[in-house]
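These are the residues of each chain, in order.
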Amino acid sequence: MKYFDFTQENSAMLLIDHQVGTMKLIKNLPLTEVEKNTLTLAKVAKVLKIPVVLTSSQEDRFQGKLMTTLAELLPEAYEVRVKRAGIVNAWDDENFVKAVKNTNRTNLILAGITTDVCLVFPAISAVREGYSVQAVMDASGSPFHLSEDLARQRMHDAGVVLTATITMIAELVKDWSRTEGVELQELLFSEVLPPKLIESTSTLY
């Protein structure tokens, strides 16, 4: 399986269908956790200046608009988001593929709602196109545990690396002591790690 080191210089982030209506379909993980991790990824991309491609499907139907906070965090990416008319696999949309290619990045970080429909197909398609792909599973989710598990297995078998938000942050940062590392470490402790864990850790010192 091909895999390249993911850095802020060679990676792009693709956030697929994090829409207010679609998000409500998530049942395998707490919705608040998925929302938090999605916004964290957006903040990481902003700090590290990683290009972001946003896409949505049928915004005028039950899926609705992209998360408001996501749009506020990434206004430029939101303005040029790829609005699909109904194409299931975002990779089948020529505008989406064009946007991805325009990032000039070889490594792709993906998250999508839902995992079992909106994430699984473009993740596998991107691998087939020669990209190195990681799927951030705690910024994605499905209506059913079974469909989530099967989609994860299918991606893994196709060469997609499954990861989590914290792991992705650490891999991209490389060194917590540099300026961006300090900023993202603060983000990690203030918004990602459970407050109770931080409180219990602080008592050790």
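A brief report on the enclosed structure follows. (Residues numbered from 1 in each chain as written. Predicted model: local features only at pLDDT ≥ 70, side-chain atom pairs only at ≥ 80, totals over all residues. Heavy atoms only, no water.)

## A closer look at the overall build of the protein chain
Within the protein chain, the regular secondary structure consists of nine helices and six strands. For the protein chain, whose C-alpha radius of gyration is 16 Å, the value lies close to the compact-globule estimate of 17 Å for 205 residues. For the protein chain, the spread of C-alpha atoms along the principal axes amounts to about 55 × 35 × 35 Å. In the protein chain, which comprises 205 residues, the proportion classed as buried is 52%. Long-range contacts, defined here as pairs at least 24 residues apart, represent 80% of the contacts in the protein chain between residues at least 6 apart. Here the protein chain holds 21 positive side-chain charges and 26 negative ones, and the gap between their average locations is 3 Å. (Helix = DSSP H or I, 4+ residues; strand = E, 2+ residues; numbered from the N terminus. Rg over C-alpha atoms; globule rule 2.2 N^0.38 Å. Buried < 20%, exposed > 50% of the residue type's maximum accessible area, 1.4 Å probe, protein only. Contact = heavy atoms within 4.5 Å. Lys, Arg positive; Asp, Glu negative; His and termini not counted. Charge placed at Lys NZ, Arg CZ, Asp CG, Glu CD.)

## Quick word on the sheet that holds strand β1 (residues 11-16)
Judged by pairing direction, the sheet is parallel, and its six strands sit side by side in the order β3-β2-β1-β4-β5-β6 without closing on themselves. The sheet terminates laterally at β3 (82-84) and β6 (161-163), the two strands that pair on one side only. The average angle at which neighbouring strand axes cross in this sheet is 25°, direction not considered. Here β1 runs beside strand β4 (residues 107-112); their pairing, made up of six bridges, is parallel. Looking across to β4, one finds that Leu15 is bridged to Ala111. Each of β1, β4, β5 (132-136) and β6 is contacted by helix α7 (residues 165-173), which is oriented at about 140° to β5, the strand it contacts most. (Pairing = 2+ DSSP bridges. Axes fitted to C-alpha atoms, helices over the stretch in contact; angles between N-to-C directions.)

## Brief notes about the environment of Ile113
On the secondary structure map, Ile113 appears in the loop between β4 and α5 (115-128). By relative accessible area, which is 0% here, Ile113 ends up buried. A sequence separation of 29 residues divides Ile113 from Arg84, and the C-alpha atoms of the two residues are 14 Å apart. The contact partners of Ile113, leaving out residues within four places of it in the chain, are Ile16, Asp17, His18, Thr22, Met23, Ile26, Val34, Cys118, Ala139, Ser140 and Gly141.

## Thoughts on the side chain of Gln63
Inspection of the secondary structure puts Gln63 in the loop between β2 (52-57) and α2 (68-73). The buried category is assigned to Gln63, whose relative accessible area is 10%. Those residues in contact with Gln63 that sit more than four places away from it in its chain are Gln19, Val20, Gly21, Thr22, Ser57 and Gln58.

## Notes on the packing of aromatic side chains
Throughout the structure, instances matching the rule amount to two aromatic pairs. Between Trp91 and Phe96, the aromatic rings sit 6.1 Å apart at their centres with planes inclined by 75°, giving edge-to-face as the arrangement. Each member of the pair Trp91 and Phe96 is classed as buried. Taking 5.7 Å as the distance between ring centres and 75° as the angle between the ring planes, the aromatic pair formed by Trp91 and Tyr131 counts as edge-to-face. With Trp91 in the loop between β3 and α4 (94-101) and Tyr131 in the loop between α5 and β5, the pair connects residues that are 40 residues apart, well separated along the chain. (Phe/Tyr/Trp six-rings, centres within 6.5 Å; stacked < 30°, edge-to-face > 60°.)

## Remarks on unusual backbone geometry
Look at the link from Ile113 to Thr114: it is a cis peptide, with omega at 5°. Locating Thr114 in the fold gives a position in the loop between β4 and α5. Backbone geometry at Asp17 places phi at a positive 60°, although glycine is not the residue there. Tracing the chain through its elements places Asp17 in the loop between β1 and α1 (31-48). Assessed through its relative accessible area of 2%, Asp17 is described here as buried. The phi angle at Gln58 is positive, at roughly 50°, despite the residue not being glycine. Inspection of the secondary structure assignment puts Gln58 in the loop between β2 and α2.

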